[in-house]
Amino acid sequence: MSTDAAEIPAYRYTAELANQIEERWQRYWEDHGTYHAPNPVGALKGDVPADKLFVQDMFPYPSGAGLHVGHPLGFIGTDVFARYHRMNGRNVLHTMGFDAFGLPAEQYAVKTGQHPRKTTEENINTYLRQIRRLGLGHDERRRISTIDPEYYKWTQWIFLQIFNSWYDVDARKARPIAELISQFESGERDVEGGRKWSELSFADQQRILGEFRLAYMSEAPVNWCPGLGTVLANEEVTADGRSERGNFPVFRKSLRQWMMRITAYSDRLIDDLDRLDWPDKVKAMQRNWIGRSHGARVRFAVGDESIEVFTTRPDTLFGATYMVLAPEHQLVDQIATPDRVADIAAYRRAASLKSELDRQENKEKTGVFIGAYATNPVNGKEIPVYIADYVLMGYGTGAIMAVPGQDQRDWDFAKKFDLPIIRTVQPSEGFEGEAFTGDGPAVNSRQENGLSLDGMAIDDAKKTMIGWLEENGHGHGTVQFKLRDWLFSRQRYWGEPFPVVYDEAGTAIALPESMLPIELPEVDDYSPRTFDPEDANTEPSPPLSRATEWTTIELDLGDGLKTYRRDTNTMPNWAGSCWYQLRYVDPVETERFVNPENEKYWLGPRTAEHGPTDPGGVDLYIGGVEHAVLHLLYSRFWQKVLFDLGHLTGDEPYRRLFNQGYIQAYAYTDARGFYVPAAEVVEENGKFFHNGEEVNREYGKMGKSLNNVVTPDEMCEKYGADTFRFYEMSMGPMDVSRPWATKDVVGAQRFMQRLWRNLVDETDGSLRVTDEEASVEALRLLHKTIAGVHDDYANLRYNTAGAKLIELNNYVTKHYSSGTPRALAEALVLMLAPQAPHVAEELWSKLGNDGSLAHGPFPKADEQYLVEDTVEYPIQVNGKVRSRVVVSASASQDEIKAAALSEEKIAELVAGGEPRKVIVVPGRLVNIVL
Ligand code: ANZ
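Predicted, not measured: the structure shown is a model, and the values here were computed from it.

Draft legend 1. Focus on the sheet that holds strand E32 (residues 917-921). Taken together, 4 strands build an open sheet; the order of strands is E31-E30-E33-E32 and the sheet is mixed. Because the sheet does not close on itself, it has two edges, and the strands there are strand E31 (880-888) and E32. Sheet twist, expressed as the mean angle between neighbouring strand axes with direction ignored, is 20 degrees. Relative to strand E33 (residues 925-929), strand E30 (residues 870-877) runs parallel, the two sharing 3 bridges. Within E33, the residue paired with Ile875 across the bridge is Val926.

Draft legend 2. Just the pattern of salt bridges, in detail. With the rule as written, the count across this model stands at 55 salt bridges. Notably, a salt bridge pairs Arg12 with Glu762, separated by 3.1 Å at the nearest N-O pair. Placement of the pair is Arg12 in the segment before helix H1 (15-32) and Glu762 in the loop between helix H23 (745-759) and strand E28 (769-770), with a sequence separation of 750 residues. What emerges from the salt-bridge pattern is a single network uniting Asp272, Arg275, Arg636, Lys640, Asp651 and Glu652.

Draft legend 3. Region of the structure containing the site of the ligand. Neighbouring the ligand are 18 residues; Ser293, Thr311, Leu392, Tyr395 and Gln406 lie closest to it. Measuring from an oxygen atom of the ligand, one finds a side-chain N or O atom of Tyr395 at 2.5 Å. Broken down by secondary-structure element, the contributors of at least two residues to the shell around the ligand are strand E9 (305-311) and strand E13 (399-402). Taken together, the residues that form the shell around the ligand break down as 8 nonpolar, 6 polar and 4 charged.

Draft legend 4. View of the layout of surface pockets. Counted as a void, the second largest pocket has a volume near 1,200 Å³. Lining the second largest pocket are 41 residues, with Pro60, Tyr61, His71, Glu626 and His627 positioned closest to its centre. Broken down by secondary-structure element, the contributors of at least two residues to the lining of the second largest pocket are helix H2 (72-87), helix H16 (574-577), strand E20 (620-623) and strand E22 (663-669). Grouping the constituent residues of the lining of the second largest pocket by class yields 18 nonpolar, 18 polar and 5 charged.

Draft legend 5. Main features of the environment of Leu847. One can find Leu847 in the loop between helix H27 (837-846) and E30. Placed 88 residues apart in sequence, Leu847 and Leu759 show a C-alpha to C-alpha distance of 8.8 Å.

Thresholds, definitions, all that
- Residue indices follow the written sequence of each chain, beginning from 1 at its first position.
- Per-residue local features are limited, in this predicted model, to residues with pLDDT of at least 70; the limit for side-chain atom pairs, both in listing and counting, is 80 or more; totals at the level of whole chains, interfaces and linings are taken over all residues.
- Hydrogens and water molecules were not included; the side-chain quantities draw on all heavy atoms of the structure.
- A strand pair is defined by DSSP finding two or more bridges across the two strands.
- Helix and strand assignments follow DSSP, with helices taken as H or I runs no shorter than four residues and strands as E runs no shorter than two, numbered in order from the N terminus.
- Working convention: axes come from line fits to C-alpha atoms, limited for helices to the stretch in contact. Angles between N-to-C directions cover 0 to 180 degrees.
- We define a salt bridge as a contact between a side-chain nitrogen of Lys or Arg and a carboxyl oxygen of Asp or Glu at a distance within 4 Å.
- Nearness is judged by heavy atoms alone; a residue qualifies as near a molecule or strand once a single heavy atom is within 4 Å of it.
- Here a polar contact means two N or O atoms within 3.5 Å. Within protein one must be a hydrogen donor candidate and the other an acceptor candidate, and residues neighboring in sequence count only if both atoms are side-chain atoms.
- Three categories are distinguished: nonpolar for Ala, Val, Leu, Ile, Met, Phe, Trp, Tyr, Cys and Pro, charged for Asp, Glu, Lys and Arg, and polar for the others, with Gly belonging to the last.
- Cavities and pockets are found on a 1 Å grid laid over the protein atoms alone: a cavity is a set of points where a 1.4 Å probe fits but cannot escape, a pocket is an open set with protein on both sides within 12 Å along at least five of seven lines, and a lining residue has an atom within 4 Å of such a point.
- Grid points are joined across faces, edges and corners, and a volume is the space filled by probe spheres set on the points.

Shape is all these values report; function is a separate question.
This is the structure:
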């Protein structure tokens, strides 16, 4: 087809025309505040209908590369949903912010000396330009950025709330620390060592409170690399203990850092998953991450000492034939016999070189007997104690009772060290040669004149054993979690400063709220200080420690002017994203982080709508499954603390979660393995060529490194934003990953052009809409489409909604070549609007409507056209179709039979006799056997 400009009619829906329309409507929306969602109170106050919807995207980190076509998939998906509901009369909150602290801008700053704020703000502007062009219906008054002091002021404020609270286990909730202090003061709660609270020094009081606070300081082991001057993540350390980057030695070092006591919420974080409308997969990932195991703690005596173990299988106690301590366990030195000391030291050295992951892998078991014997409390047997690296210090008590009959790791160890194996669960018939982990009746589990588990199934046996342990003082039932407290300090510049100072004794003191925000000071060098690579005795010195004017501060915190030190660490990147939904609700509120009335309206529980256990939260949160665990767990934790303290009405941040798929792309490598520009590759007979040279096709992520990036800007340029949006939504169900194919965008473009052409004369721009009544057949299709599209939009099935619109449009093309009946034209435009809002607005105004369609109307299906009122039945006689009969769609089987038999031709064939059988297949056919 020729694309000669001269041949293109002036009013064809080309990219150029689309771009003009899009520009114009984007300006209109901005000028009219079309997407402003009113709040019940405060600066954004307006008329609020009870019916609201809060839709949220996982906000982006504004990287230097800008957006590629993969990024907006979720953004457009939420926009379609938001637009659909807005058109149906709901007050819809949809906006977007930026998760703007982070490492890339800081690394760029180290390299170039440019302030990370500058880089970040430039990137944000690029993003804003790109998303504006996509026509996303955001309430732009509600944009936030985590790096704005007005935002992080409240991140710091929340930190102080968490710092100033403790978890009351009995009440199952966080309470203000002041209430704990009064308990200590009044004597309601004992102070350690039986001392009086008022007699303790300030430092001692704070140390004790630190054991309760939900944000507390603790020594945590880190990977310290003096040569780079930074702490490294495990993934950045090579197997031989050096830095991946630079190959410097790395040392394990304990560092005093901020921790968040998320473990206090383990139970609630697991239990409340049941109240959320989230993908099962994500819930399962969170459950695993938190890792709740029910079991028991059991004490085994070793001389005057005792070893406490955690076991999930107290029912197997009669089969415990040896014990294992983690090599690092403190008891080892106390109970080992002198002759074993040298072997123990050697084994510990070897174990210290292995990572936790290595130790958990199912490899050849190793270990060392330490000379000690422990007494099994159920049968008094003396069993040997080993150290072995398959037992980890960081889980349970760092010690186990080994039951080779029921645990495969213990089986392997027992085989290697020739230790006894006693089965305590009867394996199924023919089972042998390994540990039996299935259920079955307990065996070999009885005391001479006492406790017996024999014959019991595992659950019963467990309960019985726990009862016995508790009665006899050997242990107790317990719950163990895998979840660890959250390490909350980073040795970085580009993050939120901590709103605390330290006195000369090193005690952390919260700064008063009136001093917030604590702003990041300027520094002239963003790189951390480096040291002699071999010197393990050095300490990280983060970039903020260079701001010497800032790090020391004179303050009067109530007891006279004193000198304090600031924290030179910053908060982790997760902090700002833990609560942004709350700030979207009230972005310009200055007195509070969110006004409670606004919070209640947008995020509070709605039991009438969602059922009695509704926790509240964002109505739809869309993002990638890569955030299934950390981000979503951290923000749930913050929400719960703020809820417990009475600041919020809902105890979950995100009522409904949806994971969108990814846009993937082909990439092409040449003979040398280099990625060639994907846009320049041509296909011939199933082979791929770049500059005439055959290249190899791969399939994967879209990205700079694969040389296959397609930007939304290019697509808007070439096709217009609406076509791009429609194409992305039509590629498949929202939650499925899909390959990008620029050449297919043209399919979406043809549809848009056909629809346009059905309504607008391409040569003179006049309306091609008539006042002719649509036929009953057309109305049937129309209302079926409306009903289906409603359902599709409400359930995020945009691709099938699109397919229905295409079908309806094709019908119009075929049956109304001389002009489209208004009823069809209007409905098509309105239904298209969520996906292609600009062109829909343009056509809507061409149809003679004032203003925007953003707030509706959305077409409603008319029931009378939804019932198919007649059905035509083919009639078979002895397997051959002989005739047809039309009956009412509501006809009963007998009526259909009667109608078929009285049909002229059939009556002739049957000719007065009695047919052997008449079978009616409802909606399909009538079958007569003579
Ligand atoms: C005896 C036993 C018998 C066990 C049996 C299991 C099966 P989960 O389910 O992951 O919580 N264990 C406890 N602490 C450990 C540690 N620090 N390092 C390595 N292993 C440890 O696992 C709990 C089980 O893992 C515990 O129950 C313990 O072995 C082991 F038929 O005790 B069991």
